[in-house]
Amino acid sequence: MEDGLTRLRESPTSHKAEDGRGAEVGDESRQLLRCVVKEEDLPMGERGTDRRPPQEDLIAEVTGTDEWSSDTHLYRVSRFYCQRLLLAMDGFVERLTCAPLEEALLYRQEQEDLQPGAEGVQPSRSLLKMLKERDKPFGESVADLLTRLTSMQQNLQDLLKDAAEREGFCGAPGGSAGRPSASQTDIVSAGTGGRQLGHIESVAAKRRLLDTMYLMSETHNANLLQMSRIILGDSKEPANALRLCPVDCSTLAAALTPLGGVEEANLCHCCIGPEGLQELATILHHCRSLRLSWNNLGDLGVKILCFSLREPQCKIQELWVDSNGLSGVGTKDLAYCMVKNQSVVLLSLSYNRFGEAAVKYLCDALKRRCCTIQYLRLCGTGITSAFCRQLAWALATNRSLTVLDLDNNQLRDAGVSHLCGALMKPDCKIQTLRLGSNRLTALCTLELTRALNTNRSLRQLSLNYNRLGVPGLRRLSTALKGAACRIQKLELDENGLRDSCADDLATALSENRWLKGLYLNRNCFTDRSIPAFQRLATGCRALRYLWLCRNQFSPEGRNELETVQESAHRVTIFV
């Protein structure tokens, strides 16, 4: 046995059988450890094909090289079988040494035709003690077997640690191999349903979490059902995300299957790819918030995702697929699903360069009355002014969309003019419109002012990182003065604004009853504009937050603005 373990630890690649056929590492490890593994105990990737989801044939379309080496796959499969064997060994040892006598000797009592309790058995006595009393040679043999099993457990634990280190992770799963450690169990059993498993920053902690989830599902641990948020990725820091190979995705799918529903699954930056998404296909539709951004899914991955969106019991409400290399083909499939799907309310497709045809498919979906999307994020998708005409037609008829994010595109003044035409329609329901970093100038404020004077739904408008300048702000100030304007949050960061427009802004907002937040960061305001901002803070009745960070105020000017904040108790000024 020890020689077999050594061979398994040192073997870096799969072996060939004597008859020439390839023997996979799973078969090799089962032969060395003499362990019979049933089909239901195999990883998802090794089970029968009849249990696979109907989209199995899609994987044949995957092209390119796999980022994960065969050595990494070998170590993970080895670790998987070692953990399963350790679970069985732990149960066997516990049965022999800790089981109550009534349960342990049930078969022996039937064979000897004895009545339970006839020998005055104490419940605390174990089967091993009873065997030594009745049949000393056999009892000693069993005790020697337990000693050998304990030694083998230590060898397997060393093997698990070595495999985890070879995978490139910071450490092996905590606690005894095969069962969750105390720290891992605390993560899950911290409370009842709705507990958040986020804020796990280190990759090693996320690896331990994944292992713990799978072991708890195998042992039917009730604490697993209390998990509602699975955070293995990171939307901001790729280094904090756990990279998942197809074997890991299969393990995650097996762990999440008993839950039935997951509040949030954050898998951003996990390098899943189409193959990994195929393994997760059986549980995707159970997640209410599904974050799959930065995973290089491509059009094939979106096609797999569409199978889940078409499920009658689909629970997905928020779908994030930012920066996944989508083209017009993938966007077309997704747009058709949005027409039939009645659960998705947030769709984020940011930083996918899918072109004019894809925008047309999305607009066709938005025109349908059955479309339920309320939040649409299209940041950095290359939308130009030519695309905005189709988008404006969709916004003019859509009844559900309330938030539209078009930051970091190429709309320019002509594109905003088309959108303003849609905003002036009575059926438009847009409440939040983000147009930051779109190369806008003061010309766009001509149509924008008209839209603000007629629209009754718009509450938040972002024009950050454009070039509106002083003329643009003066036109917006005129619109803010009108009674019909309902804007509550206006963002004008880094727009080349100067002291000369501060008085116009203060005068306009003195008559405004709606504006609560005004963002003027990274502009060119100096100490000469402080009196105007003082009148603004004290005169605007609804204003609660005023942001003036990274302007050109002197230290004395900043102190004076802090004094203004103390006198205007309801307004918070950030300098």
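Our subject in this report is the structure included herewith. (Residues numbered from 1 in each chain as written. Predicted model: local features only at pLDDT ≥ 70, side-chain atom pairs only at ≥ 80, totals over all residues. Heavy atoms only, no water.)

### A look at the overall build of the protein chain
- Of the regular secondary structure elements, the protein chain holds 21 helices and 15 strands.
- Sequence-distant contacts in the protein chain: of pairs separated by 6 or more residues, those separated by 24 or more amount to 83%.
- Total accessible area on the protein chain stands at roughly 27300 Å², and carbon and sulfur atoms take up 48% of it. (Helix = DSSP H or I, 4+ residues; strand = E, 2+ residues; numbered from the N terminus. Contact = heavy atoms within 4.5 Å. Areas by Shrake-Rupley, 256 points an atom, 1.4 Å probe, with all protein chains shown as cover.)

### Details of the packing of helix 18 (residues 469-481) against helix 19 (residues 502-509)
- Where helix 18 contacts helix 19, the axes come no closer than 8 Å and their chain directions differ by 10°. Classed by the angle they form, the pair helix 18 and helix 19 counts as roughly parallel. Counting all contacts with helix 18, which are made through Leu473, Arg474, Ser477, Leu480 and Lys481, the residues of helix 19 involved are Asp504, Leu505, Ala508 and Leu509.
- A breakdown of the residues in the contact of helix 18 with helix 19 according to their chemical character gives five nonpolar, one polar and three charged. (Axes fitted to C-alpha atoms, helices over the stretch in contact; angles between N-to-C directions. Parallel < 35°, antiparallel > 145°, perpendicular 65-115°, else oblique. Nonpolar A, V, L, I, M, F, W, Y, C, P; charged D, E, K, R; others polar.)

### Here's the deal with the side chain of Ser308
- Relative to the assigned elements, Ser308 resides in helix 12 (residues 298-309).
- Engagement of the side chain of Ser308 in a polar contact is seen with the backbone oxygen of Ala281, the distance being 3.4 Å. (Polar contact = N/O pair within 3.5 Å; in protein donor to acceptor, adjacent residues only side chain to side chain.)

### Looking at the pairing of strand 5 (residues 287-291)
- Of all five residues in strand 5, four are buried; the element is thus mostly enclosed.
- Chirality of the crossover, the property in question, places the unit of strand 4 (residues 262-266), helix 11 (residues 273-280) and strand 5 among those that are right-handed.
- Regarding the hand of the β-α-β motif, the stretch spanning strand 5, helix 12 and strand 6 (residues 318-320) is right-handed. (Buried < 20%, exposed > 50% of the residue type's maximum accessible area, 1.4 Å probe, protein only. Right-handed = clockwise from strand over helix to strand, strands pointing away.)

### Description of the pattern of salt bridges
- Using the criterion set out here, one finds 15 salt bridges in the structure.
- Put simply, Arg377 and Asp322 hold a salt bridge, and the shortest N to O gap is 3.3 Å. Taken together, the residues span a long stretch of sequence, with Arg377 in strand 8 (residues 375-377) and Asp322 in the loop between strand 6 and helix 13 (328-340) at a distance of 55 residues.
- Among the residues examined, Arg377 registers a relative accessible area of 21% and is labelled partly exposed.
- One connected set of salt bridges, linked through shared partners, spans Asp407, Arg434, Lys489 and Glu491. (Salt bridge = Lys/Arg side-chain N within 4 Å of Asp/Glu carboxyl O.)

### So, the nonpolar core
- Formed by 123 residues in total, the largest nonpolar core has its most connected members in Leu252, Leu309, Leu334, Leu518, Leu520 and Leu546.
- Sort the elements by how many residues they give to this core and helix 15 (residues 385-397) lands first, with seven residues.
- Setting aside residues no more than four positions away along its own chain, Leu252 makes contact with Leu210, Met213, Ile230, Leu232, Leu244, Leu267 and Leu280. (Core = buried A, V, L, I, M, F, W, Y, C linked by side-chain atoms within 4.5 Å.)

### Quick notes on the state of the cysteines
- Enumeration over the complete set of coordinates arrives at zero disulfides.
- With no disulfide partner, Cys524 has as its closest neighbouring cysteine sulfur the one in Cys501, 9.7 Å distant. (Disulfide = S-S within 2.5 Å.)

### A short note on helix 15
- For helix 15, built from 13 residues, the straight-helix expectation of 18 Å at 1.5 Å per residue is met to within 8% by its first-to-last C-alpha distance of 19 Å.
- Its buried side turned inward, helix 15 meets helix 14 (355-367), strand 9 (403-405) and helix 16 (412-423). (Expected span 1.5 Å × (residues − 1).)

### Points about the side chain of Arg291
- Structurally, Arg291 can be placed in strand 5.
- If we ignore the near neighbours within four places in the chain, the residues touching Arg291 are Glu264, Ala265, Asn266, Leu267, Cys268 and Trp320.

### Section: unusual backbone geometry
- Phi angles above zero are rare outside glycine, and Asn296 is one such case at about 55°.
- Here Asn296 lies in the loop between strand 5 and helix 12.

### What about the environment of Trp393?
- Summarising the element assignment, Trp393 is placed in helix 15.
- Spatially, the C-alpha atoms of Trp393 and Leu366 are 9.5 Å apart, while their sequence positions differ by 27 residues.

### Some points on the pairing of strand 4
- Within strand 4, four of the five residues are buried, which leaves it mostly tucked inside the rest of the structure.
- Relative to strand 4, strand 3 (residues 229-231) runs parallel, the two sharing three bridges. Note that in strand 4 the partner of Ile230 across the bridge is Ala265.
- Handedness of the crossover joining strand 3 and strand 4 through helix 10 (residues 246-256) is recorded here as right-handed.
- Note that strand 4 and strand 5 share four bridges and pair parallel. What sits directly across from Asn266, in strand 5, is Arg291. (Pairing = 2+ DSSP bridges.)

### Some details on helix 21 (residues 555-567)
- With 13 residues, helix 21 ought to run about 18 Å at 1.5 Å a step, and its terminal C-alpha atoms sit 19 Å apart, in line with that.
- Among the residues of helix 21, Gly557, Leu561 and Val564 are the ones counted as buried. Seen along its axis, helix 21 keeps its buried residues to an arc of 50°; they face one direction. Seen from the open side of helix 21, the exposed residues pointing more than 90 degrees away from its buried face are Pro555, Glu556 and Glu566.
- Taken together, the buried residues of helix 21 touch helix 20 (530-539) and strand 15 (572-574). (Arc of directions from axis to C-beta.)

### Comments concerning the packing of helix 19 against helix 20
- For the pair helix 19 and helix 20, the least separation of the axes is 9 Å and the interaxial angle reads 10°. Taken as axis vectors, helix 19 and helix 20 run roughly parallel relative to one another. Together, Ala502, Asp503, Leu505, Ala506, Thr507 and Leu509 of helix 19 and Ala532, Arg535 and Leu536 of helix 20 make up the contact between the two elements.
- Counted by class, the contact of helix 19 with helix 20 contains six nonpolar, one polar and two charged residues.

### Comments concerning the packing of aromatic side chains
- Considering all chains together, one arrives at five aromatic pairs under this definition.
- When the ring of Tyr545 is compared with that of Phe574, the centres are 6.5 Å apart and the planes differ by 20°; the resulting orientation is stacked. With Tyr545 in strand 14 (residues 545-547) and Phe574 in strand 15, this residue pair connects regions lying 29 residues apart in the sequence.
- What makes Phe574 partly exposed here is its relative accessible area of 28%.
- Taken together, the ring pairs connect Tyr519, Tyr545, Trp547 and Phe574 into an aromatic cluster.
- Lying across the ring of Trp320, Arg291 places its NZ or CZ 4.3 Å from the centre.
- The ring of Trp514 carries the charged tip of Arg459 above its face, separated from the ring centre by 5.9 Å. (Phe/Tyr/Trp six-rings, centres within 6.5 Å; stacked < 30°, edge-to-face > 60°. Lys NZ or Arg CZ within 6 Å of the ring centre and 35° of its normal.)

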